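# Geometric and topological summary
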Amino acid sequence: MGALENAFYLSRTRAYTEWSDFIDEVEQFWMPYKERVKPERVVGLGVRYINRIDVPGIQVEFKDYLRTSVDVSPYLPQSVSGLFMQIEVPLPHHDASVGITSAMLPPAKPKHVSLLLDIDAKSQIDLSVAHSSFDKDLRSKLDTLRDAKNYVFEACITDATRRLIE
């Protein structure tokens with residue numbers, strides 16, 4: 001957990017388990033922050049998931065595992081030794097935008113290629129902390145961002161990736 005002058009954030013490095021566990025942890029740290037800092041409004045909200053996908057092989061075709069990737073000109077050699085791609089996609093039906101980062105990571109296992117799929121869903125909001133529906137409204141906005149993240153994750157991965165993570 002961290003706090004800037006006008007921001008609250010919670011970062012977890014251990015593996016994601018259940019959404020309800022995450023929300024419980026947010027509330028565990030948010031309540032003391034709220035008491036100490038006494039914020040009046042929440043004007044932005046985000047959830048970020050960093051996924052590592054370990055693919056067997058020394059060289060892989062990225063598009064076999066990630067639908068959101070880069071195209072290498074057919075006039076260039078097709079073997080790639082590194083990848084970093086970042087895009088921002090508006091999701092109006094979730095009232096959010098999503099930053100998507102794909103990259104190659106150092107391999108986690110021998111004879112594997114490790115891919116990163118980083119999904120950062122965020123929304124501009126304006127909630128009064130003093131309002132009686134604040135907790136319910138904040139939870140609803142977090143749930144919407146979770147839905148946006150799930151939508152983007154499913155849209156970005158292929159069936160080959162699904163088989164790897166099952």
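Attention here is on the structure that accompanies the text. These numbers come from a predicted model, not from an experiment.

Attention now moves to the overall build of the protein chain. Counting its regular elements, the protein chain contains three helices and six strands. When the helices and strands of the protein chain are listed from N to C terminus, the series reads β-β-α-β-β-β-β-α-α. Dimensions of the protein chain, computed from C-alpha atoms along their principal axes, come out at roughly 60 × 30 × 30 Å. Counting only residues that meet the buried cut, the protein chain has 37% of its 166 residues in that class. Accessible surface, the protein chain as shown: approximately 10600 Å² in total, 53% of it carbon and sulfur. Averaging the coordinates of the 20 positive side-chain charges in the protein chain and doing the same for the 24 negative ones gives two points 3 Å apart.

On to the packing of aromatic side chains. Inspection of every chain in the model, using the stated rule, returns five aromatic pairs. On the basis of an interplanar angle of 80° and a centroid distance of 5.3 Å, the ring pair of F8 and W30 is categorised as edge-to-face. Note that F8 is positioned in strand β2 (residues 7-9) and W30 in helix α1 (residues 19-37), a separation of 22 residues in sequence. A residue is classified by how much of its surface remains accessible, and F8, at 22% relative accessible area, is partly exposed. Taking 5.3 Å as the distance between ring centres and 35° as the angle between the ring planes, the aromatic pair formed by W19 and F22 counts as tilted.

Turning our eyes to something else, we now look at the nonpolar core. The nonpolar side chains of a soluble globular protein tend to be buried, and buried together. Counting residues in each nonpolar core, the largest one holds 40 residues, and the members touching the most others are V47, L115, L117 and L138. Of all elements in the fold, only α1, β3 (41-56), β5 (96-105), β6 (112-128) and α2 (134-156) reach the threshold of two or more residues within this core. Beyond its immediate sequence surroundings of up to four residues, L115 is in contact with N51, R52, I53, V55, F62, Y65, L66, A103, M104 and L105.

Quick look at the pattern of salt bridges now. Within this structure, the stated rule accounts for 10 salt bridges. A salt bridge links D126 to R41; the nearest nitrogen and oxygen atoms lie 2.6 Å apart. Highlighted residues: D126 in strand β6 and R41 in strand β3, separated in sequence by 85 residues. By relative accessible area, R41 is classed as partly exposed at 44%. Ionic pairing is found between D120 and K122, a salt bridge with its closest N-O pair at 3.8 Å. Under the relative-accessibility criterion, D120 is labelled partly exposed at 23%. Several salt bridges converge on common partners, so that one network encompasses E88, D120 and K122.

Take α2 next. Residues that lie three or four places apart on an α-helix share one face, since the helix turns once every 3.6 residues. Its 23 residues place the ends of α2 33 Å apart at the C-alpha level, agreeing with the 33 Å of an ideal helix rising 1.5 Å per residue. Within α2 the residues assigned to the buried category are F134, L138, L142, L145, A148, K149, V152, F153 and C156. Considering only its buried residues, α2 is in contact with α1, β3, β4 (84-91), β5, β6 and α3 (159-165).

Rules of the game
Residues numbered from 1 in each chain as written. Predicted model: local features only at pLDDT ≥ 70, side-chain atom pairs only at ≥ 80, totals over all residues. Heavy atoms only, no water. Helix = DSSP H or I, 4+ residues; strand = E, 2+ residues; numbered from the N terminus. Buried < 20%, exposed > 50% of the residue type's maximum accessible area, 1.4 Å probe, protein only. Areas by Shrake-Rupley, 256 points an atom, 1.4 Å probe, with all protein chains shown as cover. Lys, Arg positive; Asp, Glu negative; His and termini not counted. Charge placed at Lys NZ, Arg CZ, Asp CG, Glu CD. Phe/Tyr/Trp six-rings, centres within 6.5 Å; stacked < 30°, edge-to-face > 60°. Core = buried A, V, L, I, M, F, W, Y, C linked by side-chain atoms within 4.5 Å. Contact = heavy atoms within 4.5 Å. Salt bridge = Lys/Arg side-chain N within 4 Å of Asp/Glu carboxyl O. Expected span 1.5 Å × (residues − 1).

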